[in-house]
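Chain and residue survey
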Amino acid sequence: MKAEKRNLLIMWVANFLVASSTTMIMPFLSLYINTMGDFTTEYVQKWAGYVFGITFLTAFIFSPIWGRVGDKYGYKPVLLITGFGIAISLFFMGFMHTVHQLFILRFIMGAVTGFIPTSLAMIAAQTPKKKVGEVLGLLQTGNVTGSLFGPLIGGMLADQFGFKYTFIYTAIAISVASLFVIFGVKEVRQTEKKAKTKEFTRREVLEFILQKKVLITVMIISLLVQVANFTIQPLLAIYVNELAHTESVAFLAGLAFSATGFGNLLATRRWGRLGDKIGYEKVIMALLIGGAIVFIPQGMVTALWQLVILRFLFGMVTGGIIPCMTAYIRQVAPLQVQGEVNGYNVSFRFLGNVIGPVLGGTISGFIGIHSVFFVTSGILSFAFFLLLWSVKRDQKDLEQGNFSTLN
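What comes next is a walk through the structure. What you see is a predicted model, and the numbers here were worked out from it, not measured in a lab.

Calculation rules
- Sequence positions are assigned chain by chain, starting from 1 and proceeding in written order.
- For a predicted model such as this one, the threshold for reporting local features is a pLDDT of at least 70, and the threshold for listing and counting side-chain atom pairs is 80 or more; totals across whole chains, interfaces and linings nevertheless cover every residue.
- Working from all heavy atoms in the structure, the side-chain values ignore hydrogens and water.
- What counts as a salt bridge is simple: a side-chain nitrogen of Lys or Arg found within 4 Å of a carboxyl oxygen of Asp or Glu.
- Runs of E in the DSSP output that reach at least two residues are strands. Runs of H or I that reach at least four are helices, and both are numbered from the N terminus.
- Residue burial is assigned from relative accessible area. The probe radius is 1.4 Å, only protein chains are included, and a residue is buried under 20% of its type maximum, exposed over 50%, and partly exposed in between.
- Stacked, edge-to-face and tilted labels apply to pairs of Phe, Tyr and Trp rings (six-membered ring for Trp) whose centres lie within 6.5 Å, assigned for plane angles under 30 degrees, over 60, and everything in between, in that order.
- A patch consists of residues exposed above 30% relative accessible area that lack any salt bridge, with like charges linked at up to 9 Å and nonpolar side chains (Val, Leu, Ile, Met, Phe, Trp, Tyr) linked at up to 5 Å.
- Note on areas: these come from Shrake-Rupley sampling with a 1.4 Å probe, and a residue is covered only by the protein chains present in the view.
- Whether two residues are in contact is decided by their heavy atoms, any of which lying within 4.5 Å being enough.
- An expected span of 1.5 Å times one less than the residue number is assigned to each helix.
- Note on geometry: axes are lines fitted to C-alpha atoms, helical ones only across the stretch in contact, with angles between N-to-C directions running from 0 to 180 degrees.
- Every angle not falling under 35 degrees, over 145, or within 65 to 115 is termed oblique; those three ranges are roughly parallel, roughly antiparallel and roughly perpendicular.
- By convention, the crossing between two helices is left-handed when the near helix turns anticlockwise from the far helix through less than a right angle, and right-handed when the turn is clockwise.
- The residue classification treats Ala, Val, Leu, Ile, Met, Phe, Trp, Tyr, Cys and Pro as nonpolar and Asp, Glu, Lys and Arg as charged. All others, Gly included, are polar.

Notes on the pattern of salt bridges
Under the definition given, this model contains 1 salt bridge. Arg203 is paired through a salt bridge with Glu207; the nearest N and O atoms lie 3.2 Å apart. Pair noted here: Arg203 and Glu207 are both in helix 9 (residues 202-211), with a separation of 4 residues, about one helical turn. Take Glu207: its relative accessible area is 38%, and that puts it in the partly exposed class.

And the structure:
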């Protein structure tokens, strides 16, 4: 088997393990916080957002650094650092006794978060541009499949064995994924005729990004999409409990999480292939407006089965956004700086992960969980119009020859 295919297969399995393990804790994070004291619902909602989001605040700072390290030394070392780092952090989370301890540990974990984005960057770097959308879509199915089963498994483990042992299991699974990388991955990169061995400064890379309207807009949209995704995720268990009063809240919340993942799984690769054919910007715009439409009725449901169906549809229409964004970066950025450029994109995503839970918790605390869905729809609609505007501006700049290049 060629190294490229072996790498893709191993990273698919590794992404499955990492995604399934990290998403296991999502359905019960607010429930776990509730076991640490006699708290009000508003207090739990607020701290669920803070604890969930703080990891991504640290990751926002470190992502460009890891990207630059990946460009210089290879992505494999970064995968190992982030993989084992996440595993160690999750292991100790099972032994926390106060919400403040959990908050501090999640803050520290952010410095080593980024296994899946780094794997996307590595596979993108070894893939020819004409096939990168489809290949990344295929790799993304590993992440999506893990996200599909993770919440279900996590909910069942939490209900049967408790939160502590669920954290321990996730740490073991991610350690196994990191071992796969150690013994199986051989990093390969495509060569390009115009590729230079010169190293570029951060200022040169930033100037290149800012000169390309669609590129910087794609990064801003990364932030907005993650804000939209994470406004409701930390609150989903509470919302599910409102719709279906039962003792198996963690499992049912996992079911609602998994519905989105299942929709992703069915559509992600197709969106990537379509992006290869008609352009990644067009596909991203279609997915944004589709997501905005599907989000509205989620705030109007009266039964759990309705929410599950709508979460499934939301997963279908948004499953290709991340692969298409990464493929676009692969298309426009020189190979020798792709890790750093993608690192800035991931930073925007992590910043969205910070803002989303805090925004969702704040809105929910003041005007109710249902309103969070309507605000989220507005965010996705704004992202659509922003990208539409930037595509037209980029076309105008191209005609006038106003682009900056790295050389």
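Still more to cover.
Thoughts on the packing of aromatic side chains
Following the criterion strictly, the structure yields 14 aromatic pairs and no others. Between Tyr43 and Trp47 the ring centres are 6.2 Å apart and the planes differ by 40°, which places this aromatic pair in the tilted class. With Tyr43 and Trp47 both in helix 3 (residues 41-73) and 4 residues apart, the pair spans about one turn of that helix. A relative accessible area of 23% places Tyr43 in the partly exposed class. Arranged with centres 5.0 Å apart and planes meeting at 70°, the rings of Phe384 and Phe385 form a pair that is edge-to-face. An aromatic cluster is defined as three or more aromatic residues linked by ring pairs; in this entry it consists of Phe39, Tyr43, Trp47, Tyr50 and Phe103.

Here's the deal with a nonpolar patch on the surface
Side chains of Ile88, Phe91, Phe92 and Phe95 sit close together on the surface and give an oily, nonpolar patch of about 360 Å² of accessible area. With respect to the helices, strands and loops of the structure, Phe91 is situated in helix 4 (residues 75-93).

Notes on the side chain of Thr141
With respect to the element layout, Thr141 can be found in helix 7 (residues 132-161). Beyond its immediate stretch of four places on either side in the chain, Thr141 contacts Trp12, Leu265 and Thr268.

Details of helix 4
Here helix 4 spans 27 Å end to end across 19 residues, near enough to the 27 Å set by a 1.5 Å rise per residue. Of the residues making up helix 4, those classed as buried are Tyr75, Val78, Leu79, Thr82, Gly83, Gly85, Ile86, Ala87, Ser89, Leu90 and Met93.

Notes on the environment of Gly361
Mapped onto the elements of the fold, Gly361 is located in helix 16 (residues 338-367). Taking the C-alpha atoms as reference, Gly361 lies 5.8 Å from Gly49; in sequence the two are 312 residues apart. In this view, Gly361 contacts Gln45 and Leu235; residues no more than four positions away in its chain are not counted.

Quick word on the packing of helix 10 (residues 213-230) against helix 15 (residues 321-332)
Contact geometry for helix 10 and helix 15: axes closest at 11 Å, N-to-C directions at 160°. For the element pair helix 10 / helix 15, the angle class is roughly antiparallel. Crossing geometry of helix 10 relative to helix 15 is assigned as left-handed. From helix 10, Val214, Leu215, Val218, Ile221, Ser222, Val225 and Gln226 reach across to helix 15, where they touch Ile321, Ile322, Met325, Tyr328, Ile329 and Val332. Among the residues making up the contact of helix 10 with helix 15, the classes are represented as 11 nonpolar, 2 polar and no charged.

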